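Summary of the model geometry
One letter stands for each residue in the lines below.
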Amino acid sequence: MSEQIFNPNPEHAKDAAINSMEAYWKLQNHAIEDYEGFWKGFADKKIDWIEPYDTVLDESNAPFYKWFSNGKLNVSNQCVDRHLAEKSEQNAIIFEGDKGDVQHITYAQLSKHVNKLANLLKNKFGIKKGDRVVLYMPMIPEAAYAMLACTRLGAIHSIVFGGFSSEALKDRIEDAEAKIVITADGAFRKGKPYMLKNVVDDALSDGGKSIEAVLVVKRNNEEITWVEGRDHSYNELIKAESEECPFEPMESEDPLFLLYTSGSTGKPKGVQHSTAGYILWAQMTMEWVFDLRKNDVYWCTADVGWITGHTYIVYGPLAAGGTTVMFEGVPTYPDAGRAWQMVQDHNITQFYTAPTAIRLLHKTGEEEPKKYDLSKLRVLGTVGEPIDPPAWKWYYEVVGNSKCAIVDTYWQTETGGHVISPLPGATPIKPGCATFALPGIMAEVIEEDGTPTPVGEKGFMCITKPWPAMIRNIWNNPERFKKSYFGDCKKDGEAVYFTGDGAMIAEDGYITITGRTDDVINVSGHRMGTAEVEAAIKKHDSVAAVAVVGKPHDIKGEGIFAYIVLKNPSEGNEDLKIAINKVIKKEIGAIALCDAIAFVPDVPKTRSGKIMRRILRSIVKGEAITQDTSTLEDPSIVAIIEGIVKKS
Ligand code: WT7
């Protein structure tokens, strides 16, 4: 199957933004020959500058690159105001609630909501340029209003995914020294209310001292506790605010938002994105990769708590003047046809989701798509992890009726937007393959010293030139920024950006991502640091040592598997496993729960004490151990662990 090639549908290709490989190469060659000229052309054309920039790319303080220095713009203008003249009555957001309630929000209405909330934040809470605002929100339109209201004032938002625990929320509030939390009472999932406000209460009960106020949106109307003086009702206060709030002229390099993501240590990193470079690329990739056109209705199923929700639910679609669908629920409720029902009802033209969701929908409702009219679909996207051939085939044939391009978009929280992806009107697609770098992105598979990795072998997936949407810093930790991304690979003696992924390039230039090379696992397309999960598990009193690895999982891609050494081995039973998972839930959230735990007498360590995770990964996959175990402190432990895992 991997040898099969799927050419763009000529019907769709003829009017696509990039409609042939010649057009692709024309753009990419322009970037290769005149890198700054290439980016200048797009920045001038796409961004509504308040004041012009003076340099395209400033590399003087590498790797702290600066793009479009001294230019001034505002992202809420870019996403809202500038569209009002022509699109005030066009839907900006179509919201569908878990229970099927629908709201159509035009650009004119969006503008009012955003302006009012910006006024509220400014007038009532004194939020101004540079302040950090934490959003702990469900998937409701107010989440988008809050993001855009922050950008209007130049405040830096940090969205914490609603599945994170109060401890995780507290850590993120404290790291960013945020002034206010915007949250909701809760929302609905699978027909039932769930709560968020109580998590914020817990987070602030013994920390998060920088927080001066909590602004609460009503969604599910469940009862919540209220801290007088600290808690404020969005729904009450918003009424008094005016619909006009001037936007703050922001410098190109002013931080737009922080988004915490996992790395190779126990502490998540606050990935810091810029204003101009980020929004430029969000808009360009929206137009290129999703081929967004007039009258399109685009739906991305991600949560705003992840980068996909930032770039491809809110910023990209709105900067491009599109109509974006926001969905509160899950695609399998009330049944496995929900997503397809929505595609039909809203006339969706682009559908973007994760392989995990595709596998789940395939498994639970193979024939479901056939019950609905999905004929408006043109582009199907995937993101977050490699897509396996059976899922790909079903997506292409059954969902797309063999007429839609599948764009397997490779990118990361740090890249801001897509970096390697097929273009729906141009790229002949090989299933499971992210294909080519997008125009302007100098993605290369190289060795540590920058030499190209031979065809068909695994190398490091690097981006060898800075690009506008790249991460600018780790909040409060420039040293970690340099070390995490510019510490491993060099080209021509200069440190280059390393993604953390391995990749392979084929004879014909096609790039296949082979997965993380570090201790990061990918659970349902979400990045999870093994060190982070281990740090949580160690908080349980009975635990002496722990090593966490990813275990292949049918639906999730990878699940979390923990090898745990107990202080008192006789304590190891099912109840303790439950208790350990409880600690994880408290420290990180349900998304980090272990699928399985094995109590082992020891973990394989070298004589210098380093845990040999590769052996543990092989054991969990049931693979033969090919690594040299003679350097282990106690080689006999390997067979013992194998025996325990086989039994469990
Ligand atoms: C990691 C980034 C980008 C938004 C969602 C995840 C993996 C991402 C693909 C793909 C194979 C992929 C990589 C990457 N990944 N897209 N199309 N094929 N792997 O963002 O949490 O920052 O995770 O997800 O390993 O490094 P993230």
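Cut-off values and rules
Residues numbered from 1 in each chain as written. Predicted model: local features only at pLDDT ≥ 70, side-chain atom pairs only at ≥ 80, totals over all residues. Heavy atoms only, no water. Phe/Tyr/Trp six-rings, centres within 6.5 Å; stacked < 30°, edge-to-face > 60°. Helix = DSSP H or I, 4+ residues; strand = E, 2+ residues; numbered from the N terminus. Buried < 20%, exposed > 50% of the residue type's maximum accessible area, 1.4 Å probe, protein only. Salt bridge = Lys/Arg side-chain N within 4 Å of Asp/Glu carboxyl O. UniProt positions renumbered as here; feature names shortened; annotations may be inferred.

**Things to note about the packing of aromatic side chains**
Tallying each qualifying case throughout the model produces 42 aromatic pairs. Residues Tyr312 and Trp411 carry aromatic rings whose centres are separated by 5.1 Å and whose planes lie at 85° to one another, so their mutual orientation is edge-to-face. Of the two residues, Tyr312 sits in helix H12 (residues 307–319) while Trp411 sits in the loop between strand E20 (405–409) and strand E21 (443–446), which places them 99 residues apart along the sequence. Since its relative accessible area comes to 0%, Tyr312 is described here as buried. Each ring, one from Tyr485 and one from Tyr497, has its centre 5.5 Å from the other, and the planes form 15°; the classification is stacked. Remark: Tyr497 occurs in strand E25 (residues 494–505) and Tyr485 occurs in helix H16 (residues 478–486); sequence separation between them is 12 residues.

**Thoughts on the pattern of salt bridges**
Scanning all chains against the criterion turns up 41 salt bridges. Ionic pairing is found between Asp44 and Lys40, a salt bridge with its closest N-O pair at 2.6 Å. Here Asp44 and its partner Lys40 are both found in helix H3 (residues 35–46), 4 residues apart, which amounts to about one turn of the helix. A residue is classified by how much of its surface remains accessible, and Asp44, at 37% relative accessible area, is partly exposed. Owing to a relative accessible area of 38%, Lys40 belongs among the partly exposed residues under this scheme. One salt bridge in this structure joins Arg359 and Asp388, with 3.0 Å as the shortest N-O distance. On the criterion of sequence distance, the pair formed by Arg359 in helix H14 (residues 355–364) and Asp388 in the loop between strand E19 (379–383) and helix H15 (389–399) is long-range, its members being 29 residues apart.

**Quick look at the UniProt feature "domain: AMP-binding enzyme C-terminal" (unreviewed entry) in the protein**
Look at the UniProt record and you will see "domain: AMP-binding enzyme C-terminal" (unreviewed entry) annotated at residues 532–610. Along residues 532–610, the helical share is 25% and the strand share 32%, with 17 Å between the first and last C-alpha atoms.

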